[in-house]
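Fold and geometry: a report
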Amino acid sequence: MAASTTGPATGTNTSLSAGGHEPALAISGLHFRYGDRGFELKVPSFTLARGEEMLLVGRSGCGKSTLLQLIAGLVDPTSGVVKVAGQDMHALKGAARDRFRGRSVGMVFQTFNLLQGFSARENVLVALLMSDTPKGEWNARAEALLASLGIERVDAPAEELSVGQQQRVAVARALACRPALVLADEPTASLDPENAANAVHVLREACRAQGAALLVVSHDPSLEAHFARRERLDAVAATASASATTTTTATTTTTATTTTTAGATSIHEGADAR
Amino acid sequence: MSDLTIVLRSLRTRLFSTTVVVLLVAISAGLLLAILSLRSAGERAFERGTGNAHLLVSRDGSPLVSVLNGLFYANPPKAPLDQAKIAELRASFPWAMFVPTAVGDSYRSFPVVATVREFFTTFEPVLGEPWQFAEGRAFDKNFEIVIGDGVARETGLRLGAELVLTHGSGKSREGGEDGGGHAHVHEEYKYTVVGILRPTGSPHDRALFSDLESTWILHAFDRFERAGEHRTVTAADLTDEDRVVTGVLLRLPSRDPSSAPPALVSQYDRMRRDGSITVAIPSNEVQRLFSIVKSVDVLFLAMAAATLVSSAVAILLSMINSMAERRRQVAILRVLGASQARIFWLVLTESTIVGLVGAAAGVVVCAAVLFVATRWLLGAHGIVIAPELDARSAVLVAMGTTLLAAIAGIVPSVLAYRTTVARGLRPIG
């Protein structure tokens, strides 16, 4: 595990041990193998400091989303440890893991995945309902978050909002429980370049304001300009165990390795999700 | 925001299918409840109609027919009791009540009961509830008539109104002949309404009551007409042939009006030995009637219950059909921190709420069915029933419906429980 890393978004060095804080995300010896299709994902060591921003790029199907699901505890690894804010995610079982994920990990998706039939405010409140946030704080927190993201029609059904507004509601929901870590899975895939840049800006700003670490995975190389810390999570087709080179910043010691067999399909299909 | 909000929102997003399924459940539960209510109401109505008569004597084919004709006015009895038999019966025991009746004429399809004044003083239409006059009085002389509450309401007849009777159970003079084609309107003799009775909740509400002698005069007139004599008939012209009595309501002396006296069985057995008459204990015959129809009753109940089960299947199918949409919702909730168990209960609550709302709507459906059925029974068959929504039945049906809905929700709940988060979060299309 890296001893320290750069906080590129702010341009300051963040010591992981400073103040006794655990990093937002620490992965060691992570190995995920799926069934007889031969899909494998290996991440020997990976660290994301609190408040840090990072872009993980790679082509479609190389395991980016799988990695996020492993981090969120939605999929169990074959071996290895994933710690979020110091807590070994996979050491937690059942409802305890779900609760921990609810309050420690925020997720933003390509299609936003807002709950249909729920208003913008309710989409945020659902996240708070699922966490152990005191009920008295729910409304104030949801309204403040939505206001800070420029959502005025808080009681409008989510599906009636513009794409940009829906994206911001999704960001608000991901940040509602003040998570240590926000995972964004292809957050700009359905947006044009201009809106994509705006969306990333909104996401980064919101995470900064909340002090949450941000890990964005995307196959879109244009996002690289927005992130000081960038990594590649490449799959090498037709090679059984080739290592993918990662792009790292000078001070980052993270290495991510993926291994796939030829013709391996998206992890979505076979992931042994809980 | 609560788990219930999530469940309600989920139902609202599928408003059409939710509404259809709730309606299905409501109709099923309502029908079941209506059948239960009508059954008990019908039983009560028949029990009320027997009044305080311990025995009913007639010359009908069976005791049950005797009660249906003599107290519920189903049909005019075909064979009358002759005057000698009436006298013999009267002398055979120190009766507390001896009320002869003649049923056969009608007014606008309402049966006319010719009887004696004691009918209003000693006979109680409902046990423990004597007759009460809303207006007027009992008949004092010939061609005065008293009308039941239902007759007054449906015909608009008031005190002092005049009317003529139809021989047989045919329609009124305005309505034409009955199915038998032998209705004869007694135009020659007009009756005057002198009393209107308060409602009793029994078949007597849909009857008119006049004195025996007036009826006998009408029939004597017919006899003379058939003989080619057109003349005014008076009581002096009556013969035993005219003095028709179709039934006698009897009551034994009793210290406790609400229970049968010990002598009832012995008197019943004694009279049954007389093959020329039919003797019935009205309350027993009503019980017999219900035991006869019980098998049909059970069949109806079974059909209603089967409908209820099919509505539960509809809940199951509706929820399974919405699984693709639900899978996404479940995956989002899981990502937000909902446990699998919580997802299971959310979906189960959803189906349970459909059952609960359906059951509640079923009570409304039941009320509507009862309203229509009551009016239909009254209009088509003259059966006066006052169905009440039995609270115990309502609770049991509601609980049963809700339980069935919950059971129907188990499979979708398990499917939701097992939903793969990654699959559920796949971009649509």
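The residue numbers shown here count from 1 along each chain, following its written sequence. Key to labels: chains lettered from A, ligands numbered from 1, both in the order written. With the structure being a predicted model, the display of local features is reserved for residues of pLDDT at least 70 and the display and counting of side-chain atom pairs for 80 or more, all residues being used for whole-chain, interface and lining totals. Just so you know, side-chain values use all the structure's heavy atoms and leave hydrogens and water out.

1. Brief notes about the overall build of chain B
Think of it this way: any DSSP run of H or I at least four residues long counts as a helix, any run of E at least two long counts as a strand, and we number them from the N terminus. Scanning chain B for helices and strands turns up 14 helices and 12 strands. Any two residues whose heavy atoms approach within 4.5 Å at even a single point are treated as in contact. Taking as baseline every contact in chain B between residues at least 6 positions apart, the subset at least 24 positions apart corresponds to 79%. For every accessible area listed, the method is Shrake-Rupley and the probe measures 1.4 Å; residues are considered covered only by the protein chains on display. When the accessible area of chain B is evaluated, it comes to approximately 19400 Å², of which 60% is carbon and sulfur surface.

2. Quick word on the overall build of chain A
When you go through chain A residue by residue, the secondary structure sums to 7 helices and 12 strands. Remark: exposure states derive from per-residue accessible area (1.4 Å probe, protein chains only) relative to the maximum for the residue type, with buried under 20%, exposed over 50%, and partly exposed in between. Burial analysis of chain A (274 residues in total) assigns 56% to the buried set. For chain A, the accessible surface area stands at approximately 10400 Å², while carbon and sulfur atoms represent 48% of it.

3. Considering the sheet that holds strand E5 (residues 53–57) of chain A
Residues and elements named next belong to chain A. At least two bridges found by DSSP between two strands is the condition for calling them paired. Overall, parallel pairing links the 5 strands, which are arranged E8-E9-E10-E5-E11 in an open sheet. Each of the sheet's edge strands pairs with one partner strand only, and the pair in question is strand E8 (105–109) and strand E11 (230–232). Put simply, the sheet's adjacent strands are angled 20° from each other on average, direction ignored. Bridging between E5 and E11 involves 3 bridges; their strand directions are parallel. Its bridge partner being in E11, leucine 56 is matched across the sheet by glutamate 231. Of the strands in this sheet, E5, E8, strand E9 (181–185) and strand E10 (213–218) are in contact with helix H1 (residues 64–72), which crosses E9 at around 155°. To define axes, lines are fitted to C-alpha atoms, for helices over the stretch in contact only, and angles between the resulting N-to-C directions are given on a 0 to 180 degree scale.

4. A closer look at the interface of chain B and chain A
Across the boundary between the two partners, chain B contributes 26 residues, which contact 31 residues of chain A. In this description, buried area is defined as the sum, over both parts, of the accessible area (probe of 1.4 Å) that is lost when the two are combined. Each partner contributes to the roughly 2600 Å² buried at the junction of chain B and chain A, and carbon and sulfur atoms together form 64% of this total. When the buried area of chain B at its contact with chain A is split by residue, Met1, Val335 and Leu336 of chain B rank highest and sum to 27% of it. Should a side-chain nitrogen of Lys or Arg be within 4 Å of a carboxyl oxygen of Asp or Glu, the pair is scored as a salt bridge. Our count for the chain B to chain A interface comes out at 2 salt bridges. Between aspartate 98 of chain A and arginine 334 of chain B there is a salt bridge, with its nearest N and O atoms 3.1 Å apart. The term polar contact refers here to a pair of N or O atoms within 3.5 Å; inside protein, the definition further demands a hydrogen-donor-capable atom paired with an acceptor-capable atom, and it admits residues adjacent in sequence only when both atoms are side-chain atoms. The tally of links from chain B across to chain A stands at 6 residue pairs in polar contact (both at pLDDT 80 or more). Breaking the side of chain B that touches chain A down by element, the ones donating at least two residues are helix H1 (3–13), helix H10 (323–335), helix H11 (340–381) and helix H14 (421–424) of chain B.

5. Thoughts on the packing of helix H2 (residues 15–49) of chain B against helix H9 (residues 282–321) of chain B
All names here are of chain B. Packing of H2 against H9 leaves a shortest axis separation of 9 Å and a crossing angle of 170°. The orientation of H2 relative to H9 falls into the category roughly antiparallel. When residues are sorted by character, Ala, Val, Leu, Ile, Met, Phe, Trp, Tyr, Cys and Pro go into the nonpolar class, Asp, Glu, Lys and Arg into the charged class, and all the rest, Gly among them, into the polar class. Here the contact of H2 with H9 is built from residues that sort into 18 nonpolar, 7 polar and 4 charged. Put simply, angles under 35 degrees are roughly parallel, angles over 145 are roughly antiparallel, angles from 65 to 115 are roughly perpendicular, and the rest are oblique.

6. Re the pattern of salt bridges
Residue and element names in this part refer to chain A. Tallied over the full model, the rule gives 32 salt bridges over all chains. The shortest N-O distance in the salt bridge between glutamate 53 and arginine 204 comes to 2.9 Å. On the criterion of sequence distance, the pair formed by glutamate 53 in strand E5 and arginine 204 in helix H6 (residues 193–210) is long-range, its members being 151 residues apart. Residue glutamate 53 is classed as buried on the basis of its relative accessible area of 3%.

7. Thoughts on the nonpolar core
Across soluble globular proteins, you tend to see nonpolar side chains buried next to one another. What makes a nonpolar core is a set of buried Ala, Val, Leu, Ile, Met, Phe, Trp, Tyr and Cys residues whose side-chain atoms join them at distances within 4.5 Å. In terms of nonpolar packing, the biggest core is built from 105 residues, with Leu25, Ile71 and Leu215 of chain A touching the most fellow members. For this core, the element with the highest residue contribution is helix H3 (residues 120–130) of chain A, accounting for 8 residues. For leucine 25 of chain A, the residues in contact, after removing those within four places along its chain, are Phe46, Thr47, Leu48, Ile71, Val82, Lys83, Val84, Leu181 and Leu215 of chain A. Ranked by size, the runner-up nonpolar core spans 74 residues in total, among them Leu56, Met97, Phe120 and Phe290 of chain B.

8. Comments concerning the pairing of strand E1 (residues 55–58) of chain B
Residues and elements named next belong to chain B. Alternating residues of E1 divide into Leu55 and Val57 and Leu56 and Ser58, and every residue in both groups is buried. Two strands pair when backbone bridges link them, and E1 and strand E12 (residues 278–280) are joined in this way by 3 bridges, in the antiparallel orientation. Each bridged residue has a counterpart across the sheet, and for valine 57 the counterpart in E12 is valine 279.

9. Notes on helix H13 (residues 410–417) of chain B
Where H13 of chain B is concerned, the buried positions are Pro412, Ser413 and Ala416 of chain B. In an axial view of H13 of chain B, the angular spread of the buried residues amounts to 100°, which keeps them on one side of the axis. Relevant arc is that of directions from the helix axis to the C-beta atoms, nothing else.

10. As for the environment of alanine 360 of chain B
Take alanine 360 of chain B: it is sitting in helix H11. In this structure, the C-alpha to C-alpha distance between alanine 360 of chain B and glycine 30 of chain B, residues 330 residues apart in sequence, is 8.8 Å.

11. Here we look at the side chain of glutamine 267 of chain B
All names here are of chain B. Looking at the secondary structure, you find glutamine 267 in helix H8 (residues 263–272). Residue class for glutamine 267 comes out buried when judged on its relative accessible area of 10%. With near-sequence residues (within four places) excluded, glutamine 267 lies in contact with Phe93, Trp95 and Leu252.

12. A closer look at the confidence of the model for chain B
All names here are of chain B. A score between 0 and 100, pLDDT records how confident the predictor is in each residue. Here chain B shows a mean pLDDT of 85. Residues at 70 or above account for 93%. The model gives residues 170–181 a pLDDT under 50, and that stretch makes 21 contacts with residues more than four places away or in other chains. Our summary of model confidence lists the complex with pTM equal to 0.65 and ipTM equal to 0.76.

13. Here we look at the packing of aromatic side chains
Residues and elements named next belong to chain B. The criterion for an aromatic pair is that two Phe, Tyr or Trp rings (for Trp, the six-membered ring) have centres within 6.5 Å, with stacked assigned to planes under 30 degrees apart, edge-to-face to planes over 60 apart and tilted to the rest. Taken as a whole, this structure holds 15 aromatic pairs over all chains when the rule is applied. Aromatic side chains phenylalanine 120 and tryptophan 131 sit 6.0 Å apart centroid to centroid with 65° between the ring planes, which places their arrangement in the edge-to-face category. Here phenylalanine 120 is found in helix H5 (residues 118–121), whereas its partner tryptophan 131 is found in the loop between H5 and strand E4 (133–136), with 11 residues between them in sequence. When its relative accessible area of 9% is taken as the criterion, phenylalanine 120 is described as buried. Cluster of aromatic residues (ring-pair linked, three or more members): Phe119, Phe120, Phe123, Trp131, Phe133, Phe139 and Phe209. Above the ring of phenylalanine 224, the side-chain terminus of arginine 223 is found at 4.6 Å from the ring centroid. By definition here, charges over rings are those cases where NZ of Lys or CZ of Arg is within 6 Å of the ring centre and within 35 degrees of the ring normal. Across from the ring centre of phenylalanine 224, 4.3 Å away, lies the NZ or CZ of arginine 231, which sits over that ring.

14. Remarks on the pairing of strand E11 (residues 247–251) of chain B
All names here are of chain B. Of all 5 residues that make up E11, 5 are buried, and the element is covered over most of its length. Side chains of E11 alternate between two faces, with Gly247, Leu249 and Arg251 and Val248 and Leu250 buried alike. Pairing geometry for E1 and E11, over 4 bridges, is antiparallel. Residue serine 58 lies in a different strand from E11, and its bridge partner there is glycine 247.

15. Comments concerning the environment of serine 254 of chain B
Residue and element names in this part refer to chain B. Locating serine 254 in the fold gives a position in the loop between E11 and H8. On the accessibility criterion, serine 254 (30% relative accessible area) is partly exposed. Serine 254 sits 10 residues away from leucine 264 along the chain, and the two C-alpha atoms are 9.8 Å apart. Apart from the residues within four sequence positions on either side, serine 254 is in contact with His54, Ser259 and Pro261.

16. Observations concerning the packing of H3 of chain A against H1 of chain B
For the pair H3 of chain A and H1 of chain B, interaxial distance at closest approach is 10 Å and the crossing angle is 135°. As judged from the angle between their axes, H3 of chain A and H1 of chain B are oblique. Where H3 of chain A crosses over H1 of chain B, the handedness of that crossing is left-handed. Of the residues in H1 of chain B, those touching H3 of chain A at Glu122, Val126, Leu129 and Met130 of chain A are Asp3, Ile6 and Arg9 of chain B. Partitioning the contact of H3 of chain A with H1 of chain B into residue classes produces 4 nonpolar, no polar and 3 charged. For any helix crossing, the convention is left-handed if the near helix is rotated counterclockwise from the far helix by under a right angle, and right-handed if that rotation is clockwise.

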